[in-house]
Amino acid sequence: MHPIRSYVESNKKRFLDELKAFLHIESISTLPEQKQTCAECAEYVRSELARIGFAAKIFPTVGHPIVYAEDLNAGTSAPTTLFYGHYDVQPVDPIALWTTPPFEPSIRNERLYARGAADDKGQVHLHLKGIESLRATRDSMPCNIKILIEGEEEIGSTNLEKFLREHAAMLACDTVLISDTAMLAPGIPTITYGLRGLAYFEITLTSANSDLHSGMFGGAVENPLNALCSIIARLKDEYGRVAVPHFYDDILPLTPEERKQFASLPFSDEKFCASIGIPSTRGEFGYSTLERLWARPTLDVNGIWGGFTGAGAKTVLPAIAHAKISMRLVPNQSSKKIEQLFKEHITNITPPTTHVEIQPFHGGEPALTPMDSPGNKAAQAALRFAYGKEPVFIRDGGSIPIVPLFQNILNAPVVLMGFGLPDENAHAPDENILLENYFLGIESSAYFYEEFVKSLSKTHEAM
Ligand code: BES
Ligand code: MN
Ligand code: MN
């Protein structure tokens, strides 16, 4: 047995106990009342890094702290990797739908259930244990290792962008390694090479200066909720396309090779529908499900409210109506440009009988990583070795706003080697990670560093 595998085998129980302690800390970045527990979580990451021999530093921000550590003992002639992950998690509601409490990690059906189990604490932890395993089984490290763990990914990584710009020299590296994505399916090791971006807005429509009696005024005056619904109904056409003018102008079309490659992946619409309990898919005309999810943009209403929503009936014309609307973007759309187009369009189609306000939230840019970078090749070899199977390359529909910024600011390609699963319930009740993927993830992480050095020297020989 490979020494890494036997090290993992003999430390499984302790690894899980440490992961459970990490998952026990409430680190919901969006909740002001969890500011203190987020700081405790950063401190836990620092102490876990200390346990594996890294003197980590905590960098406070105006939001949640950033944890950073490095081991540069491989020397200036050796390559340098930067591992990135996030310790913050999404809110837990609806809490009643959790089988066991979200911050009381619990094992059943060979999965570990807790908020953050997959997104992203579990995937951060498997790397800490991967690096520990590598150190425990070698006399010296094959490359320099930098580790950056933030606490604001789920709220847009705003302070991390500033941190990257200010500490670009400290963070300089040959590749960035991230595990914050999902595998295509259980048993299929996966490398993700593309992510969508995001543009997010809240729109508020007002008309009369007060709620009105719907009998005394209805039919003669505007109802902002009706107006909001007509606006929303006009945002997508009958072909499932977003109806904002020039929305599609900058999109990098899928190449015929990519379409062929997507089609060759083991994915079935029937299973996809069955897994989420829907009778059929629905989306942009002329594209497959994977193309719609990974390489086409979309627009969705995330929430809509206003008027009377209590029990029973109330005959009222509400004075105000609200909606949250977001768009997933694809390479080479720009969230700034989409914001401009969206605002213009909403303003144009809002009837003069109402007043509209459009508030943008923090979004993120789409990203593509170079499929044949030395880092992606190393991930391919590491996954192949750990899982005993050839990995697949996919794109994904989610967003990690810092990915394109790593590539632009640090000028280093990003590797997305994910160990989540499509049914892991990220952001939902009963989030979980398959224990097999946690443990094979630890091995893959350890193998990655050795493979990265090999892969770089091959690239140099070829040049
Ligand atoms: N880890 C996810 C992103 C993800 C999940 C990418 C699965 C690919 C596959 C990340 O934590 C996340 O949830 N991102 C947000 C970004 C937003 C808060 C700016 C998203 O995609 O909604
Ligand atoms: Mn994540
Ligand atoms: Mn997330």
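Scroll up to find the structure this text is about.
As the structure is a prediction and not an experimental result, all values here were calculated from the model.

What counts, and at which threshold
- Residues numbered from 1 in each chain as written.
- Chains lettered and ligands numbered in written order.
- Predicted model: local features only at pLDDT ≥ 70, side-chain atom pairs only at ≥ 80, totals over all residues.
- Heavy atoms only, no water.
- Pairing = 2+ DSSP bridges.
- Helix = DSSP H or I, 4+ residues; strand = E, 2+ residues; numbered from the N terminus.
- Axes fitted to C-alpha atoms, helices over the stretch in contact; angles between N-to-C directions.
- Contact = heavy atoms within 4.5 Å.
- Buried < 20%, exposed > 50% of the residue type's maximum accessible area, 1.4 Å probe, protein only.
- Core = buried A, V, L, I, M, F, W, Y, C linked by side-chain atoms within 4.5 Å.
- Donors = N, O, S within 2.8 Å, 3.2 Å for Na, K, Ca; no water.
- Tetrahedral: all angles 85-135°; square planar, octahedral: opposite > 155°, others 65-115°.

**Q** Mind laying out the sheet that holds strand β18 (residues 432-434), listing which residues take part and the relevant values?
**A** Sheets are built from strands that pair by backbone hydrogen bonding, the pairs being arranged parallel or antiparallel. If you walk across this open sheet you meet the 3 strands as β4-β5-β18, and the pairing is antiparallel. Here the strands that pair on one side only, and so sit at the sheet edges, are β4 (106-108) and β18. Each neighbouring strand pair of the sheet contributes to a mean axis angle of 25°, computed without reference to strand direction. Relative to strand β5 (residues 111-113), helix α1 (residues 3-24) is tilted by about 25°, and along the sheet it contacts β4 and β5. Lying over the sheet, helix α13 (residues 435-462) contacts β4, β5 and β18, oriented at roughly 65° with respect to β18.

**Q** Describe the pairing of strand β8 (residues 190-195), with residues and values.
**A** For β8, a buried count of 6 out of 6 residues is recorded, marking the element as mostly surrounded by other parts of the structure. Of the strand pairs in this sheet, β8 and strand β17 (residues 414-417) are connected by 2 bridges, and their pairing is antiparallel. Bridge pairing links I191 to M417 in β17. In the sheet, β8 pairs with strand β15 (residues 367-368) via 2 bridges, with the strands oriented antiparallel. Within the sheet, the bridge partner assigned to G194 lies in β15 and is L368.

**Q** Got a sec to walk through the nonpolar core? Specific residues and values, please.
**A** Within the largest apolar cluster, 74 residues are counted, with the highest numbers of intra-cluster contacts made by L49, Y438, F448 and Y449. Of all the elements, α13 adds the most residues to this core, at 11 residues. With residues near it in sequence (within four places) discarded, L49 still touches F54, A56, V67, A69, L128 and I147.

**Q** Describe the coordination of the manganese ion (ligand 3), with residues and values.
**A** Protein ligation of the manganese ion (ligand 3) involves D119 (OD), E154 (OE), E154 (OE) and H427 (NE2), the donor distances falling in the range 2.0 to 2.5 Å. Between the 6 donor atoms coordinating the manganese ion (ligand 3), the angles at the centre fall across 56 to 157°, so the site counts as irregular. For the manganese ion (ligand 3), the single-chain donor residues occur in sequence as D-x34-E-x272-H.

**Q** Hey, could you go over the pairing of strand β2 (residues 66-71) for me, with residue numbers and the actual values?
**A** Along any regular strand, the residues point their side chains to alternate faces of the sheet. By the criterion of burial, β2 is predominantly enclosed, with 5 of the 6 residues buried. Taken together, the 3 bridges between strand β1 (residues 57-59) and β2 define a ladder with antiparallel strand orientation. Across the sheet, F59 pairs through a bridge with I66, a residue of β2. Counting the residues in the hairpin turn of β1 and β2 gives 6 residues. Relative to strand β6 (residues 144-150), β2 runs antiparallel, the two sharing 5 bridges. By the bridge assignment, Y68 is partnered in β6 with L148.

**Q** Can you explain the coordination of the manganese ion (ligand 2)? Please cite residues and give values.
**A** Within the protein, the manganese ion (ligand 2) binds to H86 (NE2), D119 (OD), D180 (OD) and D180 (OD); these donor distances fall in the range 2.0 to 2.4 Å. Geometry at the manganese ion (ligand 2) is irregular, judged from its 6 donor atoms and the angles of 56 to 165° they form at the metal. Mapping the donors of the manganese ion (ligand 2) onto the primary sequence yields the spacing H-x32-D-x60-D. In this structure, the manganese ion (ligand 2) lies 3.6 Å away from the manganese ion (ligand 3), the two metals sharing D119 as a donor. One end of the pair, H86, is in strand β3 (residues 80-86); the other, D180, is in the loop between β7 (175-178) and β8, with 94 residues separating them in the sequence. D180 matches H86 in its accessibility class, with the two residues each being buried.

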